[in-house]
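As a plain string of letters, each chain reads:
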Amino acid sequence: MEFPLFHLDFLNNRILIAVIAILHVLINHPLAVGGIPLVTLLEWQGSRSGDARWDELAQRIMKTFFLITTTVGALTGVGIWFSTSLVNPVAIGSLIRVFFWAWFTEWLVFVTEVALIMVYFLSWKRSLESPEAKKRHIRWGIILSIASWITMVLIVAILSFMMDPGNWMSQHTLVNGFFNPIYAPQLAFRTTLAMLMAGTVVLSLTGWFCRRDEDLRLKAVSLVSRWSLIWLPLCAIASYWYWQRVPGAMRANLATAVATQAFSNWHEAMLLIMITGLGIVLLLLTAGAMTSPGFRVPRYAAVVPALVLAGCLGSFERVREFIRKPYAIGQYMYSNGIRVQEYPLLQRDGLLAHATYTPVREITSENELQAGQTLFTLTCTRCHTVNGVNSIRVQLNRMYGKQPWEKDKIAQFISTLHTSRSYMPPFPGNARERQALAAYLVSLQTGGQLPGAQSVGIGQLAAPPAYDLNDPDATSDPTQERIP
Amino acid sequence: MSPQTPFPRDIPLPLPAPEPLLIVLLVIAFLAHLLFVNLMLGGSLLTVFYEWRGLRKPAYDELAHEIAKTVTVNKSLAVVLGVAPLLLINVLYTIYFYTANSLTGLAWIMLIPTITLAFVLTYLHKYSWEAMRHHKRLHLGIGICASGLFLLIPFVFLANATLMLFPDRWFSIQGFLSALSVPSVLPRYFHFLLASLGVSGLALVGYFRREQYDFEAHLPGLNRQEILKQGYTLTLGASCLQFLAGPLVMVTLPSHGFSAAMLGSIGLGILAALPALWLIWKELQSPLPGKRFIQIGGLLSLTVLLMVSGRHLYRETALASHKHQMQIRTASYERQVQTAAAEAKAAEAAEASLPLPELGAKTFQQNCAGCHAAQTKLVGPPMTEMVKIYGSKPADFKAWVQSPGKKRPDYPQMPAFPQLSEKQLEGLAVYVLNSKH
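Computed from a predicted model, the values in this text were never measured in an experiment. (Residues numbered from 1 in each chain as written. Chains lettered and ligands numbered in written order. Predicted model: local features only at pLDDT ≥ 70, side-chain atom pairs only at ≥ 80, totals over all residues. Heavy atoms only, no water.)

(A) View of the interface of chain B and chain A. Taken together, the contact pairs 80 residues of chain B with 80 residues of chain A. Taken together, both faces of the contact between chain B and chain A bury some 6,900 Å²; the carbon and sulfur share is 69%. On the chain B side of the interface with chain A, the three residues burying the most area are Leu-13, Leu-87 and Gln-336 of chain B, jointly 10% of the side's total. Viewed at the interface, chain A and chain B are joined by four salt bridges. (Contact = heavy atoms within 4.5 Å. Buried area = accessible area lost by both parts, 1.4 Å probe. Salt bridge = Lys/Arg side-chain N within 4 Å of Asp/Glu carboxyl O.)

(B) Quick peek at helix 3 (residues 89–122) of chain A. Residues and elements named next belong to chain A. Taking 1.5 Å per residue, 34 residues should reach 50 Å; helix 3 reaches only 39 Å between its end C-alpha atoms and comes up short. Remark: the principal bend of helix 3, roughly 75°, maps to Phe-99. Counting buried residues in helix 3 gives 25 out of 34 residues, a clear majority hidden from the surface. (Helix = DSSP H or I, 4+ residues; strand = E, 2+ residues; numbered from the N terminus. Expected span 1.5 Å × (residues − 1). Bend = angle between axes of the 7 residues up to and from the residue. Buried < 20%, exposed > 50% of the residue type's maximum accessible area, 1.4 Å probe, protein only.)

(C) Spotlight on the environment of Val-37 of chain B. Residues and elements named next belong to chain B. Along the chain, Val-37 turns up in helix 1 (residues 19–54). On the basis of relative accessible area, Val-37 is assigned to the buried category, the value being 15%. Sequence-wise, Val-37 and Ser-421 are 384 residues apart; in three dimensions their C-alpha atoms are separated by 59 Å. Each residue touching Val-37, except ones within four places of it in the same chain, is listed here: Ala-78 and Phe-192.

(D) Expanded view of the nonpolar core. Counting 162 residues, the largest nonpolar core has Ile-61, Phe-82 and Ile-96 of chain A as the members making the most contacts within it. Looking at this core, the element that brings in the most residues is helix 3 of chain A, giving 18 residues. Setting aside its immediate chain neighbours within four residues, Ile-96 of chain A contacts Trp-81 and Trp-103 of chain A together with Leu-87, Asn-90, Val-91 and Tyr-98 of chain B. Among the nonpolar cores identified, the runner-up in size contains 41 residues, and Ile-363, Trp-405, Ile-414 and Leu-437 of chain A belong to it. (Core = buried A, V, L, I, M, F, W, Y, C linked by side-chain atoms within 4.5 Å.)

(E) Structural context of the packing of helix 2 (residues 59–92) of chain B against helix 3 (residues 94–103) of chain B. Residue and element names in this part refer to chain B. At their nearest, the axes of helix 2 and helix 3 sit 5 Å apart, and the two run at 110° to each other. Taken together, the axis directions place helix 2 and helix 3 in an arrangement best described as roughly perpendicular. Two secondary-structure elements touch here, helix 2 through Leu-86, Ile-89, Asn-90, Val-91 and Leu-92 and helix 3 through Thr-94, Phe-97 and Tyr-98. Taken together, the residues of the contact of helix 2 with helix 3 sort by class into six nonpolar, two polar and no charged. (Axes fitted to C-alpha atoms, helices over the stretch in contact; angles between N-to-C directions. Parallel < 35°, antiparallel > 145°, perpendicular 65-115°, else oblique. Nonpolar A, V, L, I, M, F, W, Y, C, P; charged D, E, K, R; others polar.)

(F) The confidence of the model for chain B, seen in detail. The share of residues in chain B with pLDDT of 70 or more is 98%, and the mean pLDDT across the chain is 91. Scored as a whole, the predicted complex attains pTM 0.85, and scored at its interfaces, ipTM 0.86. (pLDDT = per-residue confidence, 0-100.)

(G) Local environment of the confidence of the model for chain A. Residue and element names in this part refer to chain A. Looking at chain A, pLDDT values average 81 and 82% of them are 70 or higher. Within chain A, helix 9 (residues 248–258) has the poorest average pLDDT of any element, 46, and helix 17 (residues 431–443) the best, 94. Confidence drops under a pLDDT of 50 for residues 469–484, and excluding neighbours within four residues, the segment shows 28 contacts in the predicted structure.

(H) Local environment of the pattern of salt bridges. Residues and elements named next belong to chain B. For the coordinates displayed, the defined rule picks out 27 salt bridges over all chains. Between Asp-61 and Lys-136 there is a salt bridge, and its shortest N-O distance comes to 3.1 Å. Here Lys-136 lies in helix 5 (residues 136–165) and Asp-61 lies in helix 2, a separation of 75 residues in the sequence. Residues Asp-61 and Lys-136 agree in their burial class; the two are buried. When the shortest N-O distance is used, the salt bridge between Glu-283 and Arg-292 registers 2.9 Å. Relative accessible area serves as the criterion here: at 23%, Arg-292 is assigned to the partly exposed category. What you see here is one network of salt bridges that share partners, running through Glu-51, Asp-61, Glu-62, Glu-130, Arg-133 and Lys-136.

(I) Examining the packing of aromatic side chains more closely. If you walk through the whole model with that rule in mind, you get 34 aromatic pairs over all chains. Relative to Trp-103 of chain A, the ring of Trp-81 of chain A lies with its centre 4.8 Å away and its plane at 55°, an arrangement referred to as tilted. Here Trp-81 of chain A is found in helix 2 (residues 52–87), whereas its partner Trp-103 of chain A is found in helix 3, with 22 residues between them in sequence. For Trp-103 of chain A, a relative accessible area of 7% puts it in the buried group. Residues Tyr-357 of chain A and Phe-171 of chain B carry aromatic rings whose centres are separated by 6.0 Å and whose planes lie at 80° to one another, so their mutual orientation is edge-to-face. With Tyr-357 of chain A in the loop between helix 12 (343–349) and helix 13 (368–379) and Phe-171 of chain B in the loop between helix 5 and helix 6 (175–180), the pair connects residues from two separate chains. Classification of Phe-171 of chain B by relative accessible area gives buried; the value is 13%. One aromatic cluster is present, built from ring pairs that chain together Phe-3 and Phe-82 of chain A together with Phe-97, Tyr-98, Trp-108 and Phe-157 of chain B. For Arg-9 of chain B, the ring lying beneath its charged end belongs to Tyr-333 of chain B, and the centroid distance is 3.7 Å. Note that Arg-329 of chain B overlies the ring of Phe-7 of chain B, its terminal NZ or CZ placed 5.0 Å from the centroid. (Phe/Tyr/Trp six-rings, centres within 6.5 Å; stacked < 30°, edge-to-face > 60°. Lys NZ or Arg CZ within 6 Å of the ring centre and 35° of its normal.)

Quick look at the structure:
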């Protein structure tokens, strides 16, 4: 209500966040959090065995990681901020107020991490000068590994807070937000998965980097498979723990998260796929660990575990985003950016009476469609589009079919949005507004488009303010006289 | 302000620290970020410039390569040091910043792929230096593309930073291009570009004047003094042009943001720059330039600090009245929210004491009437059918409502109602099963 709303009517706003965030996690987890310790291990293996080929391999892998993390990795990290601030400004704005110091500390760690990564990567050449220099260099690798993990420790607190604020609801303090119930399991899950994924990514890379040295490839496949096999069972335990803790109401939503409602049964199929996927990873890693000149895993097969895990992590992130619904911040703010606490007021006076950007305040039969469109923008577009992904027209077509839609039926459905589909927030307006929204939705049966503020601006949303501008302290707000 | 100024409400959560502390942090963090952004942009331009000169005088090619190696480091620092000011702007100017972002949304989000591409090209340019020795023009082309992107990117940041200052313009903006037409955007762009060139010229001097840098070994065929003078010349030229760009920025900014403190800060900044420029001039006359570098760098840093502070003071003054109004509205709205919440709570208590059939009727209207009618099929079967099935089994009826099964193949799934209280369920059973519709 307080911001002009960015809206991509084809892509769906959430997909924008999802693409950027998933890309970021797919880079950050395996290449930074899990990758640095593994590279350090390879370097140490080189120094221990005196075989310089290990060192060279470690350096080449590090260079790949360095280039990817400092371009796509770093920018998608910033991109998460950019996209969430466009899609749900109120939610991210509130989170920053609560978590400012956590994020600020994370930033300090992040600066340290970037500095260390440059020291580690750029001083590699010099570390070859003497065994002492090498030892020091390996020590830098260990410090860097710890720093990358600490960034994860901090960011997971924020992520799990968004799913379940725990005690924060009664006492708005940072510490309460931090130690919320699903923090530890999520951290365990992400840490172990990152280590496991790093193993599978390096496994894929060895096929390329050792293409002229089969002997080294076999040794590397064996070592890296063993590393991954250590993490696999830990990761399985951590995921089970995590699953257990996801609050009950969210768990009920999981089926629709993975596929859409029409494919609710997919949930089980999906689980089956995940388990099969992990089974394949287990098998291939075991084969990898037993690699010897007489028993080799083909180069192409070595890529499979990385792909399977990337798929699993991608789905996990999508599910995690979804199971928060209908909340943006559990129990405090809905995904439409309206606080739970505001509902009684808005349902009494109407949303448009209090909205900052609206073309009308008082709904009449002339401006009903205009009002309806604004209501749709304010309350539905954070999840729905008119023509694109999760299109409202398609949803209504599914519910009411081809015959002309009935305004009253739809208005009635709007009043039970949250009870019929628990992943949607209740409608935050009054009865007249439900009618207007329904009228607008009916008009969509024959077509219609919904541009966002980024292209048409907010000029047409300039109804006279609900407040008297010349008298800021006055109680000239239309709803104000009701206050006893 | 004009009546066409929107007054949104602020987020009703307290700031995470006293405002002055956050502001000091913002100014410092922003300065650090800006320094590396300047070095990145200026360095990228210098790389292209010297590589181009290297086409004729190959010794310059090595110089370009040396500068290219610093650009990738500076770009990484620019990004990570950008996160803190971003965070601080988010928290201090939530409403202004997010509104500006939304209004230029497409350009704003396109920054991410654009900057990524610019970085990838910068790496490509640097790491292909040897491999593309024999395709010099193509290689230079990559560098030009990267610099071109670096030159475009600031437009988006500046459009947003400017838009933040003018709530009275928000209603008239339609996308990024129209935000560019806000008067002070272009002057600010040139102001920024000149600053980048000035800083980079000085950095060039700082980098190559170092005793331990073996100039002759690294850059055979070039003369250290001459390169230092080129750096100084760049800084001097760019700084002199600032005397045009600066006033242009000032006259295009609306006067309601000016204050004595802001003008004082800018004025002192200019005063600090004058002796610096004079010292640079002396360096250019000297056969062994580089001795006065520390003084020059110190004075110009002071200038930048004062300018950035002046900029901040302008923003504070320009937004002061708007911020004040916003606070009043936020407080008033929060009071209404509280009152309405209290009212709703009282109504809920009253409802709980309602007789069962009425409570049932009400609960039905609120939760079931969307799908069930008395006699006709809506989404689910009519009430008459419910009476037939559950007439004598209210417990089974309640169980169904709490977690419905899947019965009729030609109907969709009915949603569950775990949120209904025992009393509401009881009321529903009484209302539905005793109805004689």
